[in-house]
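Topology and contacts: notes
Here's the letter readout for the chains.
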Amino acid sequence: MIVLDAAGLALFAVAGTQKALIYKMHPFITILLGTITGVGGGTIRDIFLARIPTVLRADVYATAAMAGSAAMIVGRKLGLPPTLSAILGGVVCFGLRLVSVWQHWNLPRVAG
(Lines give C-alpha, C1' and ligand atoms only; values in the text may rest on other atoms or scores of the structure.)
Protein backbone atom coordinates (compact mmCIF):
# COMPACT_ATOMS: atom_id res chain seq x y z
CA MET A 1 0.00 0.00 0.00
CA ILE A 2 2.92 2.36 0.62
CA VAL A 3 3.88 2.17 -3.06
CA LEU A 4 0.37 3.11 -4.17
CA ASP A 5 0.25 5.90 -1.60
CA ALA A 6 3.55 7.30 -2.87
CA ALA A 7 2.32 7.07 -6.46
CA GLY A 8 -0.88 8.91 -5.58
CA LEU A 9 1.05 11.59 -3.72
CA ALA A 10 3.35 12.09 -6.72
CA LEU A 11 0.44 12.19 -9.18
CA PHE A 12 -1.53 14.77 -7.19
CA ALA A 13 1.54 16.91 -6.52
CA VAL A 14 2.47 17.00 -10.20
CA ALA A 15 -1.14 17.67 -11.24
CA GLY A 16 -1.44 20.60 -8.82
CA THR A 17 1.87 22.02 -9.94
CA GLN A 18 0.91 21.71 -13.60
CA LYS A 19 -2.41 23.45 -13.01
CA ALA A 20 -0.68 26.36 -11.28
CA LEU A 21 1.82 26.57 -14.15
CA ILE A 22 -1.03 26.82 -16.65
CA TYR A 23 -2.22 29.95 -14.84
CA LYS A 24 1.34 31.36 -14.89
CA MET A 25 1.65 31.71 -11.13
CA HIS A 26 4.89 32.57 -9.34
CA PRO A 27 7.14 29.50 -8.85
CA PHE A 28 6.90 29.71 -5.04
CA ILE A 29 3.10 29.72 -5.16
CA THR A 30 3.20 26.93 -7.73
CA ILE A 31 5.27 24.74 -5.41
CA LEU A 32 2.90 25.44 -2.52
CA LEU A 33 -0.16 24.60 -4.62
CA GLY A 34 1.45 21.36 -5.81
CA THR A 35 2.26 20.42 -2.22
CA ILE A 36 -1.22 21.24 -0.94
CA THR A 37 -2.84 19.32 -3.80
CA GLY A 38 -0.69 16.26 -3.15
CA VAL A 39 -1.24 16.27 0.59
CA GLY A 40 -4.93 17.12 0.18
CA GLY A 41 -5.59 14.09 -2.00
CA GLY A 42 -4.14 11.74 0.60
CA THR A 43 -5.95 13.52 3.41
CA ILE A 44 -9.33 13.16 1.71
CA ARG A 45 -8.61 9.47 1.12
CA ASP A 46 -7.74 8.95 4.78
CA ILE A 47 -10.86 10.79 5.95
CA PHE A 48 -13.06 8.59 3.74
CA LEU A 49 -11.32 5.54 5.23
CA ALA A 50 -11.80 6.89 8.79
CA ARG A 51 -8.04 6.96 9.43
CA ILE A 52 -5.75 9.60 10.85
CA PRO A 53 -4.38 11.48 7.80
CA THR A 54 -0.93 10.32 6.74
CA VAL A 55 0.38 13.87 6.74
CA LEU A 56 -0.14 13.91 10.52
CA ARG A 57 1.64 10.58 11.02
CA ALA A 58 4.50 10.59 8.50
CA ASP A 59 7.32 13.08 8.63
CA VAL A 60 8.45 12.93 5.02
CA TYR A 61 5.08 13.20 3.29
CA ALA A 62 4.46 16.86 2.57
CA THR A 63 8.21 17.28 2.15
CA ALA A 64 8.22 14.69 -0.64
CA ALA A 65 5.35 16.48 -2.39
CA MET A 66 7.17 19.80 -2.07
CA ALA A 67 10.42 18.32 -3.43
CA GLY A 68 8.56 16.83 -6.39
CA SER A 69 6.86 20.13 -7.16
CA ALA A 70 10.15 21.99 -6.86
CA ALA A 71 11.89 19.49 -9.16
CA MET A 72 9.16 19.99 -11.73
CA ILE A 73 9.58 23.78 -11.59
CA VAL A 74 13.37 23.49 -11.87
CA GLY A 75 12.95 21.20 -14.88
CA ARG A 76 10.69 23.72 -16.58
CA LYS A 77 13.10 26.58 -15.81
CA LEU A 78 15.96 24.55 -17.31
CA GLY A 79 13.97 24.22 -20.53
CA LEU A 80 12.84 20.61 -20.27
CA PRO A 81 9.63 19.75 -22.11
CA PRO A 82 6.51 19.85 -19.88
CA THR A 83 6.02 16.08 -19.97
CA LEU A 84 9.62 15.36 -19.03
CA SER A 85 9.59 17.88 -16.19
CA ALA A 86 6.33 16.34 -14.89
CA ILE A 87 7.92 12.89 -14.96
CA LEU A 88 10.97 14.29 -13.16
CA GLY A 89 8.80 15.81 -10.43
CA GLY A 90 6.79 12.63 -10.05
CA VAL A 91 9.88 10.44 -9.80
CA VAL A 92 11.47 12.75 -7.21
CA CYS A 93 8.32 12.76 -5.07
CA PHE A 94 7.71 9.03 -5.44
CA GLY A 95 11.35 8.11 -4.82
CA LEU A 96 11.77 10.37 -1.80
CA ARG A 97 8.59 9.04 -0.19
CA LEU A 98 9.56 5.40 -0.75
CA VAL A 99 13.14 5.84 0.44
CA SER A 100 11.97 7.75 3.53
CA VAL A 101 9.63 4.90 4.49
CA TRP A 102 12.24 2.24 3.71
CA GLN A 103 15.02 3.99 5.66
CA HIS A 104 12.73 5.25 8.46
CA TRP A 105 13.73 8.87 7.83
CA ASN A 106 12.24 11.50 10.11
CA LEU A 107 12.47 15.25 10.09
CA PRO A 108 14.06 16.94 13.11
CA ARG A 109 11.72 17.56 16.03
CA VAL A 110 11.62 20.55 18.32
CA ALA A 111 13.08 19.74 21.72
CA GLY A 112 10.58 20.51 24.40
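In what follows, the accompanying structure is described. (Residues numbered from 1 in each chain as written. Predicted model: local features only at pLDDT ≥ 70, side-chain atom pairs only at ≥ 80, totals over all residues. Heavy atoms only, no water.)

**Observations regarding the overall build of the protein**
Across its full length, the protein carries five helices and zero strands. N-terminal to C-terminal, the α/β element order of the protein is α-α-α-α-α. Counting only C-alpha atoms, the protein reaches 40 × 30 × 30 Å along its principal axes. Within the protein, the proportion of its 112 residues that are buried is 35%. Of all intrachain contacts in the protein linking residues separated by at least 6 positions in sequence, the fraction that spans at least 24 positions is 63%. Summed over its atoms, the accessible surface of the protein is roughly 6900 Å², and 75% of this surface lies on carbon and sulfur atoms. (Helix = DSSP H or I, 4+ residues; strand = E, 2+ residues; numbered from the N terminus. Buried < 20%, exposed > 50% of the residue type's maximum accessible area, 1.4 Å probe, protein only. Contact = heavy atoms within 4.5 Å. Areas by Shrake-Rupley, 256 points an atom, 1.4 Å probe, with all protein chains shown as cover.)

**Overview of helix α4 (residues 62-77)**
Each full turn of the α-helix corresponds to 3.6 residues, which orients residues three or four apart in the same direction. Its 16 residues place the ends of α4 23 Å apart at the C-alpha level, agreeing with the 22 Å of an ideal helix rising 1.5 Å per residue. Within α4 the residues assigned to the buried category are Ala64, Ala65, Gly68, Ser69, Ala71, Met72, Ile73 and Gly75. Here the buried face of α4 lies against α1 (2-22), α2 (27-48) and α5 (82-102). Glycine 79 sits one or two residues past α4 and shows a positive phi near 90 degrees. (Expected span 1.5 Å × (residues − 1).)

**Section: the environment of alanine 13**
Topologically, alanine 13 is positioned in helix α1. With relative accessibility at 1%, the residue alanine 13 sits in the buried group. Placed 17 residues apart in sequence, alanine 13 and threonine 30 show a C-alpha to C-alpha distance of 10 Å. Ignoring any residue separated from it by four or fewer positions in sequence, one finds alanine 13 in contact with Gly34, Gly38, Ala65 and Ser69.

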